[in-house]
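Single-letter residue listing:
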Amino acid sequence: MEAELRGKAHRYGKNVDTDVIIPGKYCNIIDPVELGKHALEGLDPEFSKAVRAGDVIVAETNFGCGSSREVAPIAIKGAGVSAVVAKSFARIFYRNALNIGLPIFESEEAVDGIASGDEVTIEPATGTIRNVTKGTSYRAAAFPPFMQQLIDAGGLQPYVERRLAERA
Amino acid sequence: MGMTLTEKILARHAGLRSVEPGQIINANVDLVLANELSAAVAIGVFRSIKGAHGVFDRERIALVEDHFVPAKDAQSAKLAKLMKDFAEEQKITHFFDVGRGGIEHVVLPEEGLVAPGELIVGGDSHTCTYGAFGAFATGMGSTDIAAAFALGEVWLKVPASIKLVYNGRMGRGVYAKDVMLKTVGTLGIDGATYRAIEYTGTMVDDLSITGRITMANMAIEAGAKNGIFKADAKTIAYVKERTDRAFTVEESDADAVYERTIEIDVDALEPQVAFPHLPENVHPISDATREPLKVDQVFIGSCTNGYIEDLRVVASILKGKRIASNLRVVVNPGSQKVYMQAADEGILSTLVQAGCAVNTPGCGACFGGHMGTLGDGERCVSTTNRNYVGRMGSPKAEVYLASPATCAASALAGRIADPREALELVGA
Ligand code: SF4
């Protein structure tokens, strides 16, 4: 698993949907960096200019609701974001994020304890989220065992390769 | 302990006698769907999977060009071609190019590719539409779809079920769309996250196949993993007209366990409208007519309401009239078959004579793709399923969701209007 993640927090509200994460008109783009230039454009047109590599998106409940477009987490990752911390995630976004290797963490307290601009570090292995600016620390919800296995295996693709090898 | 319809389908596809909510299973899929946008990413992943030499079954994959076709620009043409080339290379049986298909979720049932008891996954969130036929169907992202292309199976967490019981009869001017908007308003956009919605009750038994499609389609708007109806005689007749494939009709056990049961009485339900910018922001039509809400565009189409039944309602209201002079009406029939039938029934001429712009079947303006994208400050009333900020174009535009009848009545009035008055005038 990756080393510690570190960056500034960009704080948003609830129900950040896939249409604002990457508007439909850009869904014919596949290149992650190009997509990243339009990440969150529908919600915060300044985001792609403000974001720096390593930064963390912090949001309320139901992050990523709406469409199944995998370009949504790809755009966020392409913009340089190292992780998303939210109170909860929409189902398809959750799956997609883990599949493409965008680290996501669920923690009510962390979201309540982090403001825009705060410096945040995250230890993926333990789910420890620290607000360096305020000197506070939080714990993300543990992944269900099956998801943790997928993450440890390096995502869905290695898992599929193993299943294929078992059959061969 | 009994099982729900959803649990039974999942258990059978996982080769298990029973399953329970929260359990992770590996399930065989009957069909894997993708459109040119989800396929473009999925094909890239598929090619990088070591050991994946070909798709698991070329007859159990459906690829539909619908989002940006006829290609709106060179980049869109590239994605369309990528999927077409893949279909050719893998000899995919069910490939639908523009002009031969339409919107994926309209096309698949029409082509007999969906049957009761089946398990279908698709690279599109509205894959849940096929729950209308008593199938388990859910949307996934491209990496999951690539995995399904290779393996013919997916991992799934068994969802708990929420039972919705609809009592009574819909009054005049009230349609399945209104009932579903009311449902999304009641549950909230994350009210059914990670859950199955099971639609039951006397109203559901009376509902047409198209009405069930409209309701299953918007299960995702409440965050649900799937929405499902029990297949009945109507479903079986519809499916048997389109395929000879054997299928298994399942139903929930009498002692099946539901996380929640919600009753909705439709007798007194008014037409409903979802206000900007959330599908849960649902109000009765009276809230939308109190102050005139001037409309710039009316959109008729999508996998929610792009069916012949919908176009018939619109045509019955617009027949012999002209749409208001200060707005435009954009119509995208859901599929080539719907388009042909609308031509045969004279609906297309009615629409064009009324002043509507009729596009070729496809998603079009529904997701702000092309052919009816909204500009800053514009207001649209639409038969589609989502009205998030920027969904149909500019983040400064407003989208109101409503039934085809409400949209047609609004087209005549130039502002959001109650369809019951318009229907009275045409004696429908
Ligand atoms: S019609 Fe709209 S909701 Fe349906 S598949 Fe197309 S873009 Fe998605």
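Residues numbered from 1 in each chain as written. Chains lettered and ligands numbered in written order. Predicted model: local features only at pLDDT ≥ 70, side-chain atom pairs only at ≥ 80, totals over all residues. Heavy atoms only, no water.

A. View of the overall build of chain A. Each helix and strand counted, chain A has eight helices and seven strands in total. For 168 residues, the compact-globule estimate of 2.2 N^0.38 gives 15 Å, and the C-alpha radius of gyration of chain A, at 16 Å, lies within 12% of that figure. Buried positions account for 59% of the 168 residues belonging to chain A. Expressed as a percentage of contacts within chain A between residues at least 6 apart in sequence, the contacts between residues at least 24 apart total 65%. Element-wise, carbon and sulfur atoms account for 53% of the exposed surface of chain A, whose accessible area totals about 6600 Å². The average position of the 19 basic charges and that of the 22 acidic charges among the side chains of chain A differ by 2 Å. (Helix = DSSP H or I, 4+ residues; strand = E, 2+ residues; numbered from the N terminus. Rg over C-alpha atoms; globule rule 2.2 N^0.38 Å. Buried < 20%, exposed > 50% of the residue type's maximum accessible area, 1.4 Å probe, protein only. Contact = heavy atoms within 4.5 Å. Areas by Shrake-Rupley, 256 points an atom, 1.4 Å probe, with all protein chains shown as cover. Lys, Arg positive; Asp, Glu negative; His and termini not counted. Charge placed at Lys NZ, Arg CZ, Asp CG, Glu CD.)

B. Representation of the sheet that holds strand β3 (residues 61–64) of chain B. Residues and elements named next belong to chain B. Taken in spatial order, the five strands make up an open sheet running β4-β3-β2-β5-β6, and their pairing is parallel. Of all the strands in the sheet, just β4 (94–96) and β6 (136–139) have a single pairing partner and so form its edges. Between one strand and the next, the sheet's axes are offset by a mean angle of 15°, whatever the strand orientation. Together, β2 (31–35) and β3 form the strand contacts of helix α2 (residues 36–48), whose direction differs from that of β2 by roughly 105°. Each of β2, β3 and β4 is contacted by helix α3 (residues 74–89), which is oriented at about 150° to β3, the strand it contacts most. (Pairing = 2+ DSSP bridges. Axes fitted to C-alpha atoms, helices over the stretch in contact; angles between N-to-C directions.)

C. Representation of the site of the ligand. Residues and elements named next belong to chain B. For the ligand, the set of nearby residues contains 13 residues, the closest of which are His126, Cys303, Cys363, Cys366 and Asn385. If you map the ligand onto the pockets, it falls in the largest cavity. Listing elements by their share of the shell around the ligand, those giving two or more residues are α4 (104–110) and α11 (302–305). Both domains that meet at the shell around the ligand, namely domain 1 (5–243 + 258–264) and domain 2 (273–425), each give it at least three residues. (Near = heavy atom within 4 Å. 1 Å grid on protein atoms, 1.4 Å probe; cavity = no way out; pocket = protein on both sides within 12 Å on 5 of 7 lines; lining within 4 Å. Sits in = over half its atoms within 2 Å of the grid points. Domains from an automatic or database assignment.)

D. Local environment of the packing of aromatic side chains. Throughout the structure, instances matching the rule amount to 16 aromatic pairs over all chains. With a centroid separation of 6.0 Å and an interplanar angle of 75°, the aromatic rings of Phe63 of chain A and Phe89 of chain A are classed as edge-to-face. Residue Phe63 of chain A is found in the loop between β2 (56–59) and α4 (71–78), and its partner Phe89 of chain A is found in the loop between β3 (83–86) and α5 (91–100); the two are separated by 26 residues along the sequence. One exposure class covers both Phe63 of chain A and Phe89 of chain A, and it is buried. Aromatic pair Phe46 of chain B and Phe86 of chain B: ring centres 5.7 Å apart, planes at 80°, arrangement edge-to-face. You can see Phe46 of chain B sitting in helix α2 and its partner Phe86 of chain B sitting in helix α3, a full 40 residues away along the chain. Both residues of the pair, Phe46 of chain B and Phe86 of chain B, count as buried. Of the aromatic side chains, those joined through ring pairs into one cluster are Phe63, Phe89 and Phe93 of chain A. Directly above the ring of Tyr194 of chain B sits Lys157 of chain B, whose terminal nitrogen or CZ lies 5.2 Å from the centroid. (Phe/Tyr/Trp six-rings, centres within 6.5 Å; stacked < 30°, edge-to-face > 60°. Lys NZ or Arg CZ within 6 Å of the ring centre and 35° of its normal.)

E. Broad picture of the interface of chain B and chain A. Listed per partner, the contact involves 48 residues of chain B and 41 residues of chain A. A combined buried area of about 3700 Å² lies between chain B and chain A, and 56% of that area is made up of carbon and sulfur atoms. Considering only the surface of chain B that becomes buried against chain A, Leu151, Trp155 and Tyr194 of chain B emerge as the three largest contributors, covering 18% of it. Counting the contacts that link chain B with chain A gives five salt bridges. Two residues, Asp19 of chain A and Arg391 of chain B, come together in a salt bridge whose shortest N-O distance is 3.3 Å. On inspection of chain B and its partner chain A, the count reaches 21 residue pairs in polar contact (both at pLDDT 80 or more). Breaking the side of chain B that touches chain A down by element, the ones donating at least two residues are β1 (24–28), α2, α3, β6, α5 (142–151) and β7 (153–157) of chain B. (Buried area = accessible area lost by both parts, 1.4 Å probe. Salt bridge = Lys/Arg side-chain N within 4 Å of Asp/Glu carboxyl O. Polar contact = N/O pair within 3.5 Å; in protein donor to acceptor, adjacent residues only side chain to side chain.)

F. Inspection of helix α8 (residues 209–217) of chain B at higher detail. For α8 of chain B, a buried count of nine out of nine residues is recorded, marking the element as mostly surrounded by other parts of the structure. Buried within α8 of chain B we find Ile209, Thr210, Gly211, Arg212, Ile213, Thr214, Met215, Ala216 and Asn217 of chain B.

G. Up close: α3 of chain B. All names here are of chain B. With 16 residues, α3 should reach 22 Å at 1.5 Å per residue; the first-to-last C-alpha distance of 22 Å fits that figure. Residues Ser76, Leu79, Ala80, Met83, Phe86 and Ala87 constitute the buried set of α3. Each buried residue of α3 sits inside an arc of 125° when the element is viewed along its axis, so together they form one side. Residues Ala74, Lys81 and Glu88 are exposed on α3 and point more than 90 degrees away from its buried face. Turning to α3, the residues buried within the fold contact β2, α2, β3, β4 and α5. Once α3 ends, the next one or two residues include Lys91, with phi positive near 50°. (Expected span 1.5 Å × (residues − 1). Arc of directions from axis to C-beta.)

H. Local environment of the domain arrangement of chain B. All names here are of chain B. Taken as a whole, chain B is organised into domain 1 (5–243 + 258–264) and domain 2 (273–425). The C-alpha-based centres of domain 1 and domain 2 are spaced at 24 Å. Counting residues at the interface gives 40 residues for domain 1, matched by 42 residues for domain 2. When domain 1 packs against domain 2, the two sides together hide about 3200 Å² of surface, and 62% of this comes from carbon and sulfur. Where domain 1 packs against domain 2, one counts three salt bridges.

I. Here's a closer look at the pairing of strand β14 (residues 297–300) of chain B. All names here are of chain B. Residues of β14 alternate between two faces, with Gln297 and Phe299 on one and Val298 and Ile300 on the opposite face, all of them buried. Where β14 meets strand β15 (residues 328–331), four bridges bridge the pair, whose relative direction is parallel. When the sheet's bridge partners are listed, Gln297 is paired in β15 with Arg328. Taken together, the three bridges between β14 and strand β17 (residues 379–382) define a ladder with parallel strand orientation. Residue Val298 lies in a different strand from β17, and its bridge partner there is Val381.

J. View of the packing of α2 of chain B against α5 of chain B. Residue and element names in this part refer to chain B. Viewed as axis vectors pointing N to C, α2 and α5 meet at an angle of 60°, and their least axial separation amounts to 8 Å. As summarised for this structure, α2 and α5 are arranged oblique, according to the angle between their axes. Here α2 and α5 pass one another in a crossing that is right-handed. Note on element contacts: α5 touches α2 through Ser142, Thr143, Ile145, Ala146, Phe149 and Ala150, opposite Ser38, Val41, Ala42, Val45 and Phe46. (Parallel < 35°, antiparallel > 145°, perpendicular 65-115°, else oblique. Left-handed = near helix turned anticlockwise from the far one by under 90°.)

K. Just the side chain of Asp17 of chain A, in detail. All names here are of chain A. Mapped onto the elements of the fold, Asp17 is located in the loop between β1 (5–12) and α1 (18–21). Although Asp17 is buried, it forms no salt bridge, and the closest oppositely charged side chain is Arg69 at an N-O distance of 6.6 Å. Side-chain polar atoms of Asp17 contact the backbone nitrogen of Asp19, separated by 2.8 Å.

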